[in-house]
Amino acid sequence: MKLSIVLSTQPASFSALAYKGNIEENIKRIKELGYDGVELAVRNPNELDVDYIKSLLKENNLPVPAIGTGQAFGEEGLSFTHTDSSIRSKTIERIKDQITFAKNFDAVVIIGLVRGIVSKNEDRNEAYKNMLAAFDECASFDENAKIVIEPINRYETNLLNTVEETLKFIDELGKANVGLLLDTFHMNIEEPNILESIKLAKDRISHFHVADSNRWHPGAGHINFYEIFETLQQVNYNGFVSAEILPMPDSDTAAANNIAHLRKVFTS
Ligand code: LER
Ligand code: MN
């Protein structure tokens with residue numbers, strides 16, 4: 001199984017990012033530690049020097065399996081379900097820009113928190129309808145591009161928390177280029193049985209995030225990664241396994257411990 005780790009290309013308040021800051025140094029570190037790829041967390045691709053990033057990745061021979069988009073929500077409040085239609089439109093345009101950016105790397109585009117949250121005084125059915133319409137527009141923008149929806153735990157959003165309800169949403173959407181991103185941190189909170197949920201999602205898993213129960217690197221908490229990887233193999237998942245982890249006790253130690261634990265899991 002190929003291992004990647006999330007690197008933020010722009011300043012971000014989101015904490016489960018092992019690498020933020022100097023992109024050149026961080027890409028070199030990730031390569032030195034033995035990773036096979038790097039996932040890019042991007043707030044706005046139009047503010048990036050794409051050629052420079054491409055050249056750094058090429059120099060280090062690191063593919064990009066996925067582009068994370070959640071910072072547009074975290075830093076700017078953009079979402080598919082905002083009650084203001086001009087903000088919904090701006091969010092859709094941002095995701096279209098991310099789809100165009102992702103083409104440079106043949107990477108999937110992650111829809112996590114940018115789907116938004118429904119507040120108590122808002123109409124849940126209306127939010128759901130807006131979410132469906134936004135996904136439909138983004139998926140139709142480029143049918144060759146892959147979009148992945150991440151079920152996210154209840155403490156971060158109240159839209160699509162579990163694998164089962166996200167699969168139901170994807171079925172309702174009916175777009176062949178929309179798949180699933182599973183994240184062990186969220187699954188540990190929401191899924192009755194993580195292994196059964198992986199089996200339920202099976203060939204619709206297009207990307208995979210790992211963090212332990214405490215969002216530290218795998219091996220630092222109580223999630224059993226041995227049985228998770230056994231199950232991923234059973235469902236023939238052969239994509240990247242990407243570490244979205246807290247930089248604890250520090251970035252390099254977290255990244256090194258992640259790779260050490262997961263390599264041990266794969267080879268046992
Ligand atoms: C993003 O991949 C994620 O897992 C979320 O927790 C972001 O808030
Ligand atoms: Mn995640």
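In short, a report on the structure. Numbering of residues begins from 1 in every chain and follows the order in which that chain's sequence is written. Chains carry letters from A onward and ligands carry numbers from 1 onward, assigned in written order. Where totals are concerned, whole chains, interfaces and linings use all residues; where local detail is concerned, this predicted model gives features only for residues with pLDDT of at least 70, and gives and counts side-chain atom pairs only at 80 or more. As a convention, hydrogens and water are excluded, and side-chain values are obtained from all of the structure's heavy atoms.

Once that is clear, we can look at the overall build of the protein chain. Counting from the N terminus, the helices are the DSSP runs of H or I reaching at least four residues and the strands are the DSSP runs of E reaching at least two. A tally of helices and strands in the protein chain yields 10 helices and eight strands. Overall, the protein chain is about 45 × 45 × 30 Å in size when its C-alpha atoms are taken along their principal axes. A 1.4 Å probe rolled over the protein chains alone gives each residue an accessible area, and that area as a share of the maximum for its type sets the label: buried under 20%, exposed over 50%, partly exposed in between. Relative to its 268 residues, the protein chain shows a buried fraction of 56%. Should any heavy atoms of two residues lie within 4.5 Å, those residues are considered in contact. For the protein chain, long-range pairs separated by at least 24 residues make up 77% of all intrachain contacts whose partners lie at least 6 apart in sequence. Accessible surface, the protein chain: about 11,500 Å² in total, of which carbon and sulfur atoms supply 47%. Note that His is not counted, nor are the chain ends; the positive residues are Lys and Arg, and the negative ones are Asp and Glu. Charge positions come from single atoms, namely NZ of Lys, CZ of Arg, CG of Asp or CD of Glu. Taken together, the 27 basic and 39 acidic charged side chains of the protein chain have centroids lying 1 Å from each other. We get accessible surface area from the Shrake-Rupley algorithm with a probe of 1.4 Å; when it comes to residues, only the shown protein chains can shield them.

Along the chain, Thr-166 falls in helix α6 (residues 163-173). With a relative accessible area of 0%, Thr-166 lands in the buried category. Aside from chain neighbours lying at most four places away, what touches Thr-166 is Ile-149, Pro-151, Leu-160 and Leu-180.

When DSSP finds two or more bridges between two strands, those strands count as paired. Read once around its circumference, the closed barrel built from eight strands follows the order β1-β2-β3-β4-β5-β6-β7-β8, with strand pairing classed as parallel. For this sheet, the mean inter-axis angle between neighbouring strands, taken without regard to orientation, is 30 degrees. Across three bridges, strand β4 (residues 108-111) lies against strand β5 (residues 147-149) in parallel orientation. Bridged to Val-109 within β5 is Ile-147. Each axis is a line fitted through C-alpha atoms, and for a helix only the stretch in contact is used; angles between axes span 0 to 180 degrees, taken between their N-to-C directions. Each of β7 (205-210) and β8 (240-243) touches helix α9 (residues 225-234); the most contacted strand, β7, lies at about 170 degrees to it.

Right, let's talk about the coordination of the manganese ion (ligand 2) for a bit. Atoms of type N, O and S within 2.8 Å of a metal are treated as its donors, and for Na, K and Ca the window is 3.2 Å; water is not considered, so some sites may appear to be missing partners. Protein-derived coordination of the manganese ion (ligand 2) comes from Glu-150 (OE), Asp-183 (OD), His-209 (ND1) and Glu-244 (OE), at a distance range of 2.1 to 2.3 Å. Labels for metal geometry use angle windows, namely 85 to 135 degrees for all angles of a four-donor tetrahedral site, and for square planar (four donors) or octahedral (six donors) sites opposite donors over 155 degrees apart plus all others within 65 to 115; sites meeting none of these are irregular. Geometry at the manganese ion (ligand 2) is octahedral, judged from its six donor atoms and the angles of 70 to 171 degrees they form at the metal. Each donor residue of the manganese ion (ligand 2) belongs to the same chain, and together they define the spacing E-x32-D-x25-H-x34-E. With His-209 in strand β7 and Glu-244 in the loop between β8 and α10 (251-267), this pair connects stretches of sequence that are 35 residues apart. In this structure, His-209 and Glu-244 share a single accessibility class: buried.

Further remarks concern the packing of aromatic side chains. Whether two aromatic rings pair depends on their centres lying within 6.5 Å, for rings of Phe, Tyr and Trp, where Trp uses its six-membered ring; planes under 30 degrees apart make the pair stacked, over 60 edge-to-face, and the rest tilted. One pass over the structure, following the stated rule, counts seven aromatic pairs. Aromatic pair Phe-135 and Phe-169: ring centres 5.3 Å apart, planes at 70 degrees, arrangement edge-to-face. With Phe-135 in helix α5 (residues 124-141) and Phe-169 in helix α6, this pair connects stretches of sequence that are 34 residues apart. Across the pair, Phe-169 and Phe-135 agree in class, each one buried. With centroids separated by 6.2 Å and ring planes inclined at 45 degrees, the aromatic side chains of Phe-208 and Tyr-237 adopt a geometry described as tilted. Here the residue Phe-208 occupies a position in strand β7, and Tyr-237 occupies one in the loop between α9 and β8, the gap between them amounting to 29 residues. In terms of burial, Phe-208 and Tyr-237 fall into one category: buried. The structure contains a cluster of three or more aromatic residues connected by ring pairs, namely Phe-80, Tyr-128, Phe-135 and Phe-169.

A few words now on the site of ligand 1. Every residue close to ligand 1 is listed here: Phe-14, Leu-113, Glu-150, Ile-152, Glu-156, Asp-183, His-186, His-209, Arg-215 and Glu-244. At 2.4 Å from an oxygen atom of ligand 1 is found a side-chain nitrogen or oxygen belonging to Glu-156. We call two N or O atoms a polar contact when they sit within 3.5 Å, provided that within protein one can donate a hydrogen and the other can accept it, with sequence-adjacent residues counted only if both atoms are side-chain atoms. Between ligand 1 and the protein, one listed contact pairs an oxygen atom with a side-chain N or O atom of His-209 at 3.4 Å. Burial of ligand 1 by the protein chains amounts to 90% of its free accessible area of 260 Å². Under the scheme applied here, ten amino acids are nonpolar (Ala, Val, Leu, Ile, Met, Phe, Trp, Tyr, Cys and Pro), four are charged (Asp, Glu, Lys and Arg), and all others, including Gly, are polar. Across the shell around ligand 1, the residue classes tally to three nonpolar, two polar and five charged. A molecule or strand has a residue near it when one of that residue's heavy atoms lies within 4 Å.

Packing of α5 against α6 leaves a shortest axis separation of 10 Å and a crossing angle of 60 degrees. The angle between α5 and α6 places the two elements in the oblique class. By crossing handedness, the relation of α5 to α6 is classed as right-handed. For the pair α5 and α6, the contacting residues are Tyr-128, Met-131, Leu-132, Phe-135 and Asp-136 in the first and Phe-169, Glu-172 and Leu-173 in the second. Residue composition of the contact of α5 with α6, by class: six nonpolar, no polar and two charged. Working definition: roughly parallel below 35 degrees, roughly antiparallel above 145 degrees, roughly perpendicular at 65 to 115 degrees, and oblique for all remaining angles. Crossing chirality is assigned from the near helix's rotation relative to the far helix, an anticlockwise turn below a right angle marking it left-handed and a clockwise turn marking it right-handed.

If you look at soluble globular proteins, the nonpolar side chains tend to sit buried side by side. Leu-40, Ile-198 and Phe-208 are the most contacted members of the largest nonpolar core, which has 80 residues in total. For this core, the leading source of residues is α5, giving seven residues. In contact with Phe-208, not counting residues within four places along its chain, are Leu-181, Leu-182, Thr-184, Met-187, Ile-198, Ile-228, Leu-232, Tyr-237, Phe-240, Val-241 and Ser-242. Counting five residues, the second-largest nonpolar core is a separate cluster that includes Ala-66, Val-108, Val-148 and Leu-181. Grouping buried Ala, Val, Leu, Ile, Met, Phe, Trp, Tyr and Cys residues that are joined through side-chain atoms within 4.5 Å yields what is termed a nonpolar core.

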